[in-house]
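# Residue-level structural notes
One letter stands for each residue in the lines below.
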Amino acid sequence: MRRYLISGNWKMNTTRATAVELAKALVEGARAACDKVDVLIFPPAPYLIPVQDAVAGSAIQVGGQNAYFEAPGAFTGEVALEMLQDVGCQSVLIGHSERRHVLGETDSLINNKVKAALEKGLQVVLCVGELLSEREANQTEEVLDRQMAGGLADVTAEQMADVVIAYEPVWAIGTGRTASPEQAEAAHAHLRNWLTSHYNASVADATRILYGGSVKAANAAELLGQPNVDGALVGGASLKASDFLPIVEAGVSAAG
Ligand code: PGA
């Protein structure tokens, strides 16, 4: 049985004070839920330490939104994987569509980050997803195949135990236009088949595939009810406890 993972990507939002306040509200509000589902938040890098302090002693996990693959050194502006670990992070988000399309990250850079993070023993949440133009041109599966093959090149079946995939159609991110449960399920089933053919059935069966893109309390239950949807990566609706906690609860209900 795959354990549901409900994650919140805070992106470049919050202040130190609101980040700590939000983290504390999640500790309170998700205490019981954490017995049933994993809850993972990705605060901005400068707030990782105060947020880690705020969740200390709870089951809420904290990860980095990005990291560079090289060992600490002369890489101005970057955050090393070792630094994330040093402040208590066990997970890192890699290849988010904003990193790909705003910051220009390629599959090859993403692959370097994935491999380096796995070598360090971090859990990787690898994001994939097509643009609207690609969906309209019927290229969704081709794009997903390319991003999976590129991002996971040289990643072994054993290492896949630390990989979570997040399917995030770019046209659904921050737009209020959620993929329908059928669209999400079709893409997730395709990704799971990809894992079967490139690894094996047990890797495909064990790997969690999250949906992301305008997830909110009103649509979470239906999305999480799809057989191949194992959790959510939530952006906008992760910034308020009153929006995020009902999504965590939808995960608890889906977990049964
Ligand atoms: P959204 O963002 O929930 O605001 O659409 C999702 C994401 O980018 O992870």
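In what follows, the structure referred to is the one given above.
Reading the values: the criteria
Residues numbered from 1 in each chain as written. Predicted model: local features only at pLDDT ≥ 70, side-chain atom pairs only at ≥ 80, totals over all residues. Heavy atoms only, no water. Helix = DSSP H or I, 4+ residues; strand = E, 2+ residues; numbered from the N terminus. Rg over C-alpha atoms; globule rule 2.2 N^0.38 Å. Buried < 20%, exposed > 50% of the residue type's maximum accessible area, 1.4 Å probe, protein only. Areas by Shrake-Rupley, 256 points an atom, 1.4 Å probe, with all protein chains shown as cover. Lys, Arg positive; Asp, Glu negative; His and termini not counted. Charge placed at Lys NZ, Arg CZ, Asp CG, Glu CD. Arc of directions from axis to C-beta. Contact = heavy atoms within 4.5 Å. Near = heavy atom within 4 Å. Polar contact = N/O pair within 3.5 Å; in protein donor to acceptor, adjacent residues only side chain to side chain. Nonpolar A, V, L, I, M, F, W, Y, C, P; charged D, E, K, R; others polar. 1 Å grid on protein atoms, 1.4 Å probe; cavity = no way out; pocket = protein on both sides within 12 Å on 5 of 7 lines; lining within 4 Å. Points joined across faces, edges and corners; volume = space filled by probe spheres on them. Phe/Tyr/Trp six-rings, centres within 6.5 Å; stacked < 30°, edge-to-face > 60°.

### Structural notes on the overall build of the protein chain
Broken down by element type, the protein chain carries 11 helices and 8 strands. Here the C-alpha radius of gyration of the protein chain, 17 Å, is about what a compact globule of 256 residues would show, namely 18 Å. Seen through its principal axes, the protein chain has C-alpha atoms that stretch 45 × 45 × 35 Å. Within the protein chain, the fraction of its 256 residues that count as buried is 53%. Looking at the protein chain as shown, the accessible area adds up to about 10900 Å², and 51% of this sits on carbon and sulfur atoms. Charged side chains in the protein chain number 19 positive and 30 negative. The centres of these two groups are separated by 4 Å.

### With respect to helix α10 (residues 217-224)
Restricting attention to buried positions, one finds in α10 the residues Asn219, Ala220, Leu223 and Leu224. Looking straight down α10, one finds its buried side chains confined to an arc of 125°; they lie on one side. Counted as exposed and oriented over 90 degrees from the buried face of α10: Ala218 and Ala221. In this structure, the buried residues of α10 make contact with β1 (5-9), α8 (181-198), β7 (209-212), β8 (231-234) and α11 (241-255).

### Describing the site of the ligand
Taken together, the neighbourhood of the ligand is formed by 13 residues, with Lys11, His96, Glu168, Gly174 and Ser214 sitting nearest. Within the backbone of Gly174, one N or O atom sits 2.6 Å away from an oxygen atom of the ligand. Taking Ser214, its main chain carries an N or O atom lying 2.7 Å from an oxygen atom of the ligand. The fraction of the free accessible surface of the ligand (280 Å²) that becomes covered by protein chains is 95%. Class assignment of the residues belonging to the shell around the ligand gives a composition of 4 nonpolar, 7 polar and 2 charged.

### Quick notes on unusual backbone geometry
Of note in this structure, Lys11 is not a glycine but carries a positive phi near 50°. Turning to its location among the elements, Lys11 is positioned in the loop between β1 and α1 (16-29). With a phi close to 55°, Ser214 is a non-glycine residue in the positive phi region. With a relative accessible area of 15%, Ser214 lands in the buried category.

### So, the layout of surface pockets
Quantified by volume, the largest pocket comes out at close to 520 Å³. Around the largest pocket, the lining comprises 20 residues; the ones closest to its centre are Lys11, Met12, Gln65, Asn66 and Arg99. A breakdown of the residues in the lining of the largest pocket according to their chemical character gives 10 nonpolar, 6 polar and 4 charged. There is about 220 Å³ of room inside the second largest pocket. Lining the second largest pocket are 21 residues, and of these Gly174, Ser214, Gly235, Gly236 and Ala237 sit closest to its centre. Looking at the lining of the second largest pocket, its residues break down into 7 nonpolar, 11 polar and 3 charged.

### Overview of the packing of aromatic side chains
With the rule as written, the count across this model stands at 4 aromatic pairs. Ring plane angle 50° and centroid distance 5.2 Å describe the contact between Tyr68 and Phe75, whose orientation is recorded as tilted. Between Tyr167 and Tyr211 the ring centres are 6.3 Å apart and the planes differ by 55°, which places this aromatic pair in the tilted class. Of this pair, Tyr167 sits in strand β6 (residues 163-167) while Tyr211 sits in strand β7, and the two are 44 residues apart along the sequence. The buried category is assigned to Tyr211, whose relative accessible area is 1%. Members of the aromatic cluster, connected to one another through ring pairs, are Tyr68, Phe69 and Phe75.

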